Amino acid sequence: MSTLAVPVSVKRSSSQRSPPRAKRGADVRRTNSFNLLARPSKPGDRLNVELLYSLTPYKENVDEVSEYARSILINAIKMEPHVHDIFFPNENPDPVLDYIDTRGFPMDKLATALVAESISKLKDEYKFHQMIDKSSLQDVLRDIYNGLQWKKLGFCLYSLTYPDVVRDQKTGVCLRDFIDDNGHVWAEKLLAHIMEPRWTLTWMFRIVRGQCTEADYNRGMNALFVKIHLLDPQVVIPAFQFLLNQKALPSVNLELATRNYLGGSLDSSLLDEEVMAAEHKDSVPLNASRISLSDLEVTHGVEVEEFITSECRTLDIWNEKRPENSKLSKARDRCVVM
């Protein structure tokens, strides 16, 4: 085993801007308790480096921060003006959206493509699904999901939501508590913690006994890098260099900004309910009345058809077919006997 390095001090030149507290869902709410017999506690009273080190985004092998970030992205898609008014008029923006940097990311293109995918998979009676060129649609989505901007947006969303989503279940302490309590100091304490000989020995024993694979180790170290980055970005490189020098442990890769934090393709079925409602929305000619005793031509999903023939056409995913969304409404069908 190599000789362990001594802790090093890290100089800071600037502080990191704190992202907003996430407010979506009960899992990310603060759960403080109050004891009448106890003295008022300060935030720092609950904080220690062991607790900080134990904070993890993984629960039952699922990255909860990644899942939460994907839900924020779905909300951002629904708020795109050209789809919001037609399909998602009741959707409200998550406060986190004000802090997301989408420069360079084709959000409008993704919104169009994801709604089109939902339309194509819904076997609606009006044949809207037959208007989408599924092959061309998959090409558009593949380009987005495999692009560099997808990873950059993922890192932005992951960094914004991590501090409030990742918390200790027993104490309710989250990473935000450490960030707000001189995060740069906690970053240095965390660096000193992993430099202790027992830390290296613990990982060695886990690997030797088959309790941990090299992939598990790398995943754990990259989760550590994200945590340090959010506390103080300037401590990441010293931590990485220290781990590189630990010859008794597997080699580690710094995937901080290259990992795909959002994962694979989004689930378009999350839009199905609103898309279906838009398809079934009916309208009558402007000069006609629903209380008329004459037969009326009722058209369903007028705005959906316009969306496909304009927005989808721009992406070359409309195959120029038309829906069968008009029907004659008989007066007797509209009459109700009171």
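Located above this text is the structure these notes cover.
Residues numbered from 1 in each chain as written. Predicted model: local features only at pLDDT ≥ 70, side-chain atom pairs only at ≥ 80, totals over all residues. Heavy atoms only, no water.

Attention now moves to the overall build of the protein chain. If you tally the helices and strands in the protein chain, you get 14 helices and five strands. Taking all 338 residues of the protein chain together, the buried fraction comes to 46%. Considering only contacts within the protein chain whose residues lie at least 6 apart along the sequence, 79% involve residues at least 24 apart. Summing over all exposed atoms, the protein chain offers an accessible surface of approximately 18800 Å²; the carbon and sulfur share of this is 50%. (Helix = DSSP H or I, 4+ residues; strand = E, 2+ residues; numbered from the N terminus. Buried < 20%, exposed > 50% of the residue type's maximum accessible area, 1.4 Å probe, protein only. Contact = heavy atoms within 4.5 Å. Areas by Shrake-Rupley, 256 points an atom, 1.4 Å probe, with all protein chains shown as cover.)

Between helix α4 (residues 107-121) and helix α5 (residues 134-145), the least distance of the axes is 10 Å, while the angle of their chain directions is 140 degrees. For the element pair α4 / α5, the angle class is oblique. Of the two elements, α4 crosses α5, and the hand of that crossing is left-handed. Contacts between α4 and α5 involve K109, L110, A113, L114, A116, E117 and S120 on the former and, on the latter, K134, L137, Q138, V140, L141, I144 and Y145. Of the residues belonging to the contact of α4 with α5, the class tally is nine nonpolar, two polar and three charged. (Axes fitted to C-alpha atoms, helices over the stretch in contact; angles between N-to-C directions. Parallel < 35°, antiparallel > 145°, perpendicular 65-115°, else oblique. Left-handed = near helix turned anticlockwise from the far one by under 90°. Nonpolar A, V, L, I, M, F, W, Y, C, P; charged D, E, K, R; others polar.)

We now examine unusual backbone geometry. Of note, N182 is a non-glycine position whose phi angle comes to about 55 degrees, a positive value. Within the chain, E320 stands out as a residue other than glycine whose phi angle is a positive 70 degrees. Within the secondary structure layout, E320 lies in the loop between α13 (302-314) and β5 (326-329).

Turning our attention to helix α9 (residues 197-208). The end-to-end C-alpha separation of α9 is 17 Å, in line with the 16 Å expected for 12 residues at 1.5 Å each. Residues of α9 that are buried: W199, T200, W203 and M204. Viewed end-on, α9 has its buried residues packed into an arc of 135 degrees, placing them on one side of the element. Turned more than 90 degrees from where α9 packs its buried face, R198 and V208 sit exposed. Summarising the contacts, the buried residues of α9 are in contact with α1 (49-54), α8 (183-194), α10 (214-231) and α11 (236-244). (Expected span 1.5 Å × (residues − 1). Arc of directions from axis to C-beta.)

This brings us to the side chain of T299. Take T299: it is sitting in strand β4 (residues 296-300). T299 gets classed as buried once you look at its relative accessible area, which sits at 18%. Within polar-contact distance, the side chain of T299 engages the side chain of S326 at 3.2 Å. Beyond its immediate chain neighbours, meaning those up to four positions away, T299 contacts K281, D282, S283, N325 and S326. (Polar contact = N/O pair within 3.5 Å; in protein donor to acceptor, adjacent residues only side chain to side chain.)

As a further point, take α10. The end-to-end C-alpha distance of α10, which contains 18 residues, comes to 26 Å, matching closely the 26 Å that a straight helix rising 1.5 Å per residue would cover. Summarising burial for α10: 13 of the 18 residues are buried, a large majority.

Below, the discussion takes up the packing of helix α6 (residues 148-165) against α10. Two numbers describe how α6 lies on α10: the axes approach to 11 Å, and their chain directions differ by 75 degrees. In terms of their interaxial angle, α6 and α10 are classed as roughly perpendicular. Residues F155, Y158, S159, Y162 and P163 of α6 form the contact with α10, whose own contacting residues are A223, V226, K227, H229 and L230.

Turning our attention to the environment of F155. Tracing the chain through its elements places F155 in helix α6. Residue classification places F155 among the buried positions, given a relative accessible area of 18%. Spatially, the C-alpha atoms of F155 and R259 are 7.9 Å apart, while their sequence positions differ by 104 residues. Those residues in contact with F155 that sit more than four places away from it in its chain are H229, L256 and Y261.

Glancing now at the pattern of salt bridges. Summed over all chains, the structure comprises 11 salt bridges. Of the charged contacts in the structure, one is a salt bridge between K78 and E91, with a shortest N-O distance of 4.0 Å. One end of the pair, K78, is in helix α2 (residues 64-78); the other, E91, is in the loop between α3 (81-87) and α4, and 13 residues separate them in sequence. Owing to a relative accessible area of 8%, K78 belongs among the buried residues under this scheme. As a salt-bridge pair, K121 and E117 come within 3.5 Å of each other at their nearest N and O atoms. Taken as a pair, K121 and E117 lie in helix α4 at a separation of four residues, close to a single helical turn. Linked through salt bridges whose partners overlap, the residues forming this network are K78, E91 and E274. (Salt bridge = Lys/Arg side-chain N within 4 Å of Asp/Glu carboxyl O.)

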